[in-house]
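Chain by chain, the residues run as shown.
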Amino acid sequence: MVQLTISAASKPPALARGLPLTIDVAPEATVLDVKRAIVAKYPKFTPSRQRITVKGDRKGLFDEIKLADVLSGKDGWEVELKDLGAQISWQTVFLVEYLGPMLIHPVFYHFPRLWYGVDVEHSALQRYIYAFVMLHFAKRELETLYVHRFSNDTMPWFNIFKNSTHYWILSGVIFAADIYRPAFSATSPYIVNTIRDNEHFLWIGAGLWAFAELSNLHTHLTVSALRPPGTRKRGIPYGYGFNLVSFPNYFFETLGWVVITGMSGSIGVAFFTVVSFYTMAIWAIKKHKNYKKEFGKEYPRNRKAIIPFIL
């Protein structure tokens, strides 16, 4: 057995006022074993709230890491503990985020008199876009349940409100309120005898949208296959889309929303598309840099982050 000292990363956590704490652990013990020992001492300090780091290092250690792998050779075994606060699973956050538009769009689409004061005879364009939105977010829910594998199990619970704002307000209320209004109805001059009422135009748009959605799904499956179930293993993705950019999933998702924006000319849809792309571009650039830092010379140098040959 080895003596392990657990000290506070900054100020002592409210749920563990007795720190520093010294416990006996086996050399092959994992970070999760340490977290369980902390729970035994402080029952309210659940593992999901705990961030364990090597003393002097701010990077949290994953549960499956063995202490010997990060502490051997150091003068004394010591780790630092921080309270992350109340947590919620990433999967739950994703499910709640994507549920918003699936609840909000039907309310605007099927009950227009509540919002616009009149009944709306939906145009073919509105019917297509309604189907696109519902299918997209149903796909996202299924991917969350059966495809995505998360690097971290949880996030601070308050993030569910911050993250949901984008989906419930932008892709929910603003998007739906604009696209299902009378200005886009079957009797509107904006639609009647225009290209937006042309069956061939709508089918071409639907084909492009389906291409973007299926391509997005393919990239998610590719990334998921790199990480065996129950592990946090990371690898370099190759193949369809990945030969040009690090995050083709963001590129194809953006393409899908651009198609809908182009088909409709809706300001609300365009606003959502711009904000979404900006957000995904920031994520892509940051993760792209992390990829290059993690894999070094192994990582393909000709890849961009999100837009082929440009960004």
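Above this text you will find the structure in question.
Described in the following lines is the structure provided in the data block.

Cut-off values and rules
- Residues numbered from 1 in each chain as written.
- Predicted model: local features only at pLDDT ≥ 70, side-chain atom pairs only at ≥ 80, totals over all residues.
- Heavy atoms only, no water.
- Helix = DSSP H or I, 4+ residues; strand = E, 2+ residues; numbered from the N terminus.
- Expected span 1.5 Å × (residues − 1).
- Buried < 20%, exposed > 50% of the residue type's maximum accessible area, 1.4 Å probe, protein only.
- Core = buried A, V, L, I, M, F, W, Y, C linked by side-chain atoms within 4.5 Å.
- Pairing = 2+ DSSP bridges.
- Axes fitted to C-alpha atoms, helices over the stretch in contact; angles between N-to-C directions.
- Salt bridge = Lys/Arg side-chain N within 4 Å of Asp/Glu carboxyl O.
- Patch = residues over 30% accessible without salt bridge, like charges linked within 9 Å, V, L, I, M, F, W, Y side chains within 5 Å.
- Areas by Shrake-Rupley, 256 points an atom, 1.4 Å probe, with all protein chains shown as cover.
- Lys, Arg positive; Asp, Glu negative; His and termini not counted.
- Charge placed at Lys NZ, Arg CZ, Asp CG, Glu CD.
- Polar contact = N/O pair within 3.5 Å; in protein donor to acceptor, adjacent residues only side chain to side chain.
- Contact = heavy atoms within 4.5 Å.
- Parallel < 35°, antiparallel > 145°, perpendicular 65-115°, else oblique.
- Left-handed = near helix turned anticlockwise from the far one by under 90°.

**Side note on helix α8 (residues 248-264)**
A rise of 1.5 Å per residue sets the reference length of α8, with its 17 residues, at 24 Å; its end C-alpha atoms lie 24 Å apart and thus fit the reference within 8%. In terms of residue burial, α8 counts as a mostly covered element, since 13 of its 17 residues are buried. Trailing α8 by a residue or two, Gly265 shows a phi angle of about 70 degrees, which is positive.

**A short note on the nonpolar core**
By size, the foremost hydrophobic cluster in this structure holds 29 residues, and its most contacted members are Leu125, Ile129, Phe175, Ile179, Tyr180, Trp257 and Ile260. Within the residue set of this core, elements represented by two or more residues are α3 (90-110), α5 (124-146), α6 (159-179), α7 (199-226), α8 and α9 (267-295). The element contributing the most residues to this core is α5, with seven residues.

**Regarding the sheet that holds strand β3 (residues 50-54)**
Read from one edge of the open sheet, four strands run β2-β1-β4-β3, paired in mixed fashion. Each edge of the open sheet is held by one strand with a lone partner, namely β2 (21-25) and β3. Strand-to-strand twist across the sheet, computed as the mean angle between neighbouring axes with direction ignored, equals 35 degrees. Inspection of the sheet shows strand β1 (residues 2-8) paired to β2 by five bridges, in the antiparallel sense. Each bridged residue has a counterpart across the sheet, and for Val2 the counterpart in β2 is Val25.

**A word on the pattern of salt bridges**
Tallying each qualifying case throughout the model produces 11 salt bridges. Of the charged contacts in the structure, one is a salt bridge between Glu143 and Lys139, with a shortest N-O distance of 3.0 Å. One end of the pair is Glu143 and the other is Lys139, both in helix α5 and four residues apart, which spans about a single turn. Sharing partners across several salt bridges, the network here consists of Lys139, Arg140, Glu143, Glu213 and Glu253.

**A short note on a positive patch on the surface**
A surface patch of positive charge is lined by Lys289, Lys292, Lys297, Arg301 and Lys304. In this structure, Lys292 sits in helix α9.

**Quick look at a nonpolar patch on the surface**
A grouping of Leu244, Ile285, Phe309, Ile310 and Leu311 is seen on the molecular surface, where their side chains present a nonpolar patch of about 500 Å² in accessible area. Tracing the chain through its elements places Phe309 in the segment after α9.

**A closer look at the side chain of Thr219**
Mapped onto the elements of the fold, Thr219 is located in helix α7. A distance of 2.7 Å separates a polar side-chain atom of Thr219 from the backbone oxygen of Asn216. Look past the residues within four positions of Thr219 in its chain and what remains in contact with it is Tyr240, Phe242, Pro248, Asn249 and Phe252.

**Some thoughts on the environment of Leu221**
Mapping Leu221 onto the fold places it in helix α7. Classification of Leu221 by relative accessible area gives partly exposed; the value is 44%. For the pair Leu221 and Leu71, spaced 150 residues apart in sequence, the C-alpha to C-alpha distance is 36 Å.

**Observations concerning the packing of α5 against α8**
Relative orientation and spacing of two packed helices are given, respectively, by the angle between their axes and the distance between those axes. Closest axis-to-axis distance for the α5/α8 pair is 11 Å, and the angle between their directions is 165 degrees. What the angle tells us is that α5 and α8 run roughly antiparallel. The element α5 and its partner α8 pack so that their crossing is left-handed. Residues Leu125, Ile129, Phe132, Val133, His136, Phe137 and Arg140 of α5 pack against Glu253, Trp257, Ile260, Met263 and Ser264 of α8.

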